[in-house]
Amino acid sequence: EPFVADEYIERLAWRTPGGGSRGGEAFDPKRLLEEFVNHIQELQVMDERIQRKVEKLEQQCQKEAKEFAKKVQELQKSNQIKEAADIIQKLHLIAQELPFDRFSEVKSKIASKYHDLECQLIQEFTSAQRRGEISRMREVAAVLLHFKGYSHCVDVYIKQCQEGAFLRNDVFEDAAILCQRVNKQVGEVFSNPETVLAKLIQNIFEVKLQSYVKDQLEEHRKSDAEQYLKNLYDLYTRTTNLSSKLMEFNLGTDKQTFLSKLIKSIFISYLENYIEVEIGYLKSRSAMILQRYYDSKNHQKRSIGTGGIQDLKERIRQRTNLPLGPSIDTHGETFLSQEVVVNLLQETKQAFERCHRLSDPSDLPKNAFRIFSMLVEFLCTEHIDYALETGLAGIPSSDSKNANLYFLDVVHQANTIFHLFDKQFNDHLMPLISSSPKLSECLQKKKDIIEQMEVKLDMGIDRTLNCMIGQMKHILAAEQKKTDFKPEDENNVLIQYTNACVKVCGYVRKQVEKIRNSMDGKNVDTVLMELGVRFHRLIYEHLQQYSYSCMGGMLAICDVAEYRKCAKDFKIALVLQLFDTLHALCNLLVVAPDNLKQVCSGEQLANLDKNILHSFVQLRVDYRSARLARHFS
């Protein structure tokens, strides 16, 4: 509604007490004047406030108008660029068809304008990228698509994408993050995003990563093989991991081949001779581990004669104890070290891992075989086989007194090492060669080396058992007296086992325990059976050296009963059966002459050769007087 001043004043006077406009109210001119003055002041303040607001809105409107005009101008200019580009592009194509001699000047001007406009467009694209204006970048890129300089536009984009992208220590993580960011953006800018992204990745690999890899590897390539191999494995692994992440992106048709070629271009000079570096390092490192161990023992490795005269001398010394040179005193040292074995296996394990990663698939089996051959040379030949040869040379002859038998300790440690060696063969070598002809070659090499060592282990165990029997012979010779079984006073004999028997049984029990601790599986039973048979043969032959009175025969029976109790510790049925039979044979020493024939035909003796029975009966002091020979005629 239009503003009417009289009505406004009238309404104001009506609201004011004493204004005189209401019925019955006294008119108060001073109060009315005061109200008018105050109201006029309020109106003035309001007018000023509204005026300021109006001015502010006018300024804002003018600013927006200018910005809008500028935007319109920029859009118009942008459009003129696009139009100009379209025109100059067509002119450039037409100029290509014109003869140079007649239209050289025109062609030159068109080419110059073409070049200038191309540079302007690229500069505009560069500025838009720095401002982060994706839509403008897309417009300019679309215009440039038909120009020769389009590839330069892509190069500019790739270069600026990488500015500030590699600031952290992990260049591979930086590269992955950059590619993820560009992958989201590149489709909004270019019509061929997969080509641009592939070109960016190629640039990262051929410039950034190649430079980084070279710096990391060349530093140690000639001076520190260990660090060089570790760095090579680490860098190659991280590069292939980055490649796996990049496989998520659209890079064109065959991205697997594309990325593989990029990796190869970086590492080809290092992978060509990788296995030679690996073998050289493994050889020197393994030799150093062994030498450090022998140095810690103040031991100078001796050359072990294998075959020929040396082996013949050793065999003669063992069997005859002829003075062909003393056996080596190893002072209880096995020359086998768990630490050395673990270190050698660890080095080989790492070599297998590097070999798996760094070898060409076609070279992998033969490279793995070369590493395995190094393990066989240093672990099996230089360490285990040397310890076996030294242990064999340290076994004393069978008739040595108080011989210390350490070869079983060698057996125990060698057995543990074999398990570790076999585990690495199955866990780390087999996966690398399982589908190649090298599998049979590796299995044969393993079989050969184990068989060679088993021959030496068997030889050492055999000699050790001979020494054990030799020690028992010494105990029996020293402790057993002829009067034990033919006492001068038959009435003053305590019926119990002899001192010789006690000492032999004590010695045997220690050896049985040692054998059980040194071996496992069927080997324990095999060795214990062999020892038990030899133990039985020793006691059998020992008993036949004496003549037995009645009380002496009883004492022999007590001894054999104790030997039989000892034989139970072997837990071998055959050994116990042998001593049961021997115990039954000893009964022939005390049985009454009239009952002799009946005892000989008993269950335990019936199957024995009569000559064996006769030989025991001949040991009786009453053999002639009681005419016992008649029972065997």
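Residues numbered from 1 in each chain as written. Predicted model: local features only at pLDDT ≥ 70, side-chain atom pairs only at ≥ 80, totals over all residues. Heavy atoms only, no water.

In the nomenclature of an unreviewed UniProt entry, the protein chain corresponds to Exocyst complex component 5 from the organism Buteo japonicus. As its UniProt record puts it under Sequence similarities (unreviewed entry), the protein chain is described as follows: "Belongs to the SEC10 family." (UniProt positions renumbered as here; feature names shortened; annotations may be inferred.)

Chemist: What should I look at first to understand helix 13 (residues 364-393) in this one?
Modeler: Structural remark: α-helix, 3.6 residues per turn; residues separated by three or four positions point the same way. Compared with the 44 Å implied by 1.5 Å per residue over 30 residues, the 41 Å span of helix 13 between its first and last C-alpha is a close match. At D385, helix 13 is bent by approximately 30°, the largest bend along its length. For helix 13, a buried count of 25 out of 30 residues is recorded, marking the element as mostly surrounded by other parts of the structure. (Helix = DSSP H or I, 4+ residues; strand = E, 2+ residues; numbered from the N terminus. Expected span 1.5 Å × (residues − 1). Bend = angle between axes of the 7 residues up to and from the residue. Buried < 20%, exposed > 50% of the residue type's maximum accessible area, 1.4 Å probe, protein only.)

Chemist: Can you walk me through helix 12 (residues 338-358) in this structure?
Modeler: The end-to-end C-alpha distance of helix 12, which contains 21 residues, comes to 30 Å, matching closely the 30 Å that a straight helix rising 1.5 Å per residue would cover. Within helix 12, the full set of buried residues consists of V340, V341, L344, L345, E347, T348, A351, F352, R354, C355 and L358. Of the surrounding elements, those touching the buried residues of helix 12 are helix 8 (225-246), helix 9 (255-271), helix 10 (274-296), helix 13 and helix 14 (407-433). Near the N-terminus of helix 12, the side chain that reaches the backbone nitrogen of E339, with its oxygen 3.3 Å away, is that of S337. (Contact = heavy atoms within 4.5 Å. Polar contact = N/O pair within 3.5 Å; in protein donor to acceptor, adjacent residues only side chain to side chain.)

Chemist: Sorry, what's going on with the pattern of salt bridges here?
Modeler: Pairing is possible between side chains that carry opposite charge, provided their charged atoms lie close to one another. A full pass over the atoms with the stated rule returns 30 salt bridges. Between R131 and E133 there is a salt bridge, with the nearest N and O atoms lying 2.9 Å from each other. The exposure class of E133 is partly exposed, given its relative accessible area of 33%. A network of salt bridges, in which partner residues are shared, links E124, R131, E133, R136 and E139. (Salt bridge = Lys/Arg side-chain N within 4 Å of Asp/Glu carboxyl O.)

Chemist: Just checking my understanding: could you explain the side chain of S397 for this structure?
Modeler: Residue position: S397 is located in the loop between helix 13 and helix 14. Overall, the relative accessible area of 4% leaves S397 in the buried class. For S397, the side chain forms a polar contact with the side chain of D399, separated by 3.0 Å.

Chemist: When you look at the nonpolar core in this model, what are you seeing that I'm missing?
Modeler: F190, M472 and F535 are the most contacted members of the largest nonpolar core, which has 167 residues in total. For this core, the leading source of residues is helix 13, giving 16 residues. Other than its neighbours up to four places away in sequence, M472 contacts V504, Y507, V508, L531, F535 and L538. (Core = buried A, V, L, I, M, F, W, Y, C linked by side-chain atoms within 4.5 Å.)

Chemist: Help me understand the packing of helix 15 (residues 438-479) against helix 16 (residues 499-518), please; the structure alone is not making it clear to me.
Modeler: Geometrically, a packed helix pair is captured by the angle between its two axes and the distance between the axes. Where helix 15 meets helix 16, the closest approach of the two axes is 8 Å, and the angle between their N-to-C directions is 165°. When the interaxial angle is binned, helix 15 and helix 16 end up roughly antiparallel. The two elements helix 15 and helix 16 cross, and the hand of that crossing is right-handed. Between helix 15 and helix 16, the residues in contact are L465, C467, M468, Q471, M472, I475, L476 and E479 and N499, A500, K503, V504, Y507, V508, Q511 and I515, respectively. Each residue belonging to the contact of helix 15 with helix 16 can be placed in one class, and the counts come to 11 nonpolar, three polar and two charged. (Axes fitted to C-alpha atoms, helices over the stretch in contact; angles between N-to-C directions. Parallel < 35°, antiparallel > 145°, perpendicular 65-115°, else oblique. Left-handed = near helix turned anticlockwise from the far one by under 90°. Nonpolar A, V, L, I, M, F, W, Y, C, P; charged D, E, K, R; others polar.)

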